[in-house]
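# Reading the structure
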Amino acid sequence: MIPLPAECELVELQIRGDDRGSLIAIENGSQIPFDVKRVYYIFGTTAGTSRGFHAHHDLRQFAICVAGSCVMTLDDGVQRYQVRLDRPDLGLQIGSPIWREMSEFSPDCVLLVLADAPYQDSDYIRDYADFQQIARKSAGDEA
Ligand code: T46
């Protein structure tokens, strides 16, 4: 099993395959544990580019590499973890607060992300020192 922060989970999605090929369906309440309020996808990433470098105050997301591959680095303020997303039937749930960086995008990578809230710039934590403080407080609150 790939080690991940407590706020994150890898989920194997059920494939509805037949002799024509494969299909994966995701509905609110099925396959992912939140209601989807937003969908976006990242593609055409320039070679060598890394993205992310932020955390969120309060956002749950579910990322699936529906084509190609990329590496997701997750940081809970104590430890960094890495997971390669390279299968359309593998989803990564990311809770908060988790610092994320995406790298090693293959030229054909399409990273689909489902989120439980609309886009809100004020939800972003872009300063790593601020993130560490928030993560420490959040860990303390849970202890
Ligand atoms: C995350 C990782 C996995 C919007 O207008 N609406 C949106 O829903 C999103 C996600 C972005 N934008 C705008 C904001 C920026 O002007 O699109 C531009 C690129 O977004 P950003 O630089 O935040 O992209 P990434 O790849 O660094 O991060 C994104 C998500 O923002 C983030 O929540 O977890 O993908």
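Structure: above.
So, a few notes on the structure that sits alongside this text. (Residues numbered from 1 in each chain as written. Predicted model: local features only at pLDDT ≥ 70, side-chain atom pairs only at ≥ 80, totals over all residues. Heavy atoms only, no water.)

### Focus on the site of the ligand
Taken together, Arg-38, Tyr-40, Ile-42, Arg-51, Gly-52, His-54, His-56, Gln-61, Arg-100, Met-102, Tyr-119 and Tyr-124 are the residues near the ligand. A distance of 2.7 Å is found between an oxygen atom of the ligand and a side-chain nitrogen or oxygen belonging to Gln-61. Residue Tyr-124 places a side-chain N or O atom 2.5 Å away from an oxygen atom belonging to the ligand. Surface burial for the ligand is 66%, taken as the share of its 650 Å² of free accessible area covered by protein chains. For the shell around the ligand, the secondary-structure elements that each account for two or more residues are strand 4 (38-43), strand 5 (51-56) and strand 10 (99-103). (Near = heavy atom within 4 Å. Polar contact = N/O pair within 3.5 Å; in protein donor to acceptor, adjacent residues only side chain to side chain. Areas by Shrake-Rupley, 256 points an atom, 1.4 Å probe, with all protein chains shown as cover. Helix = DSSP H or I, 4+ residues; strand = E, 2+ residues; numbered from the N terminus.)

### Some thoughts on the sheet that holds strand 4
With antiparallel pairing, the five strands of this open sheet are ordered in space as 1-9-6-11-4. The outermost strands of the open sheet, each flanked by one partner alone, are strand 1 (8-12) and strand 4. For this sheet the average axis-to-axis angle between neighbouring strands, irrespective of direction, equals 20 degrees. Relative to strand 9 (residues 90-94), strand 1 is paired through five bridges, and the arrangement is antiparallel. Bridge pairing in strand 9 links Glu-12 to Leu-90. (Pairing = 2+ DSSP bridges. Axes fitted to C-alpha atoms, helices over the stretch in contact; angles between N-to-C directions.)

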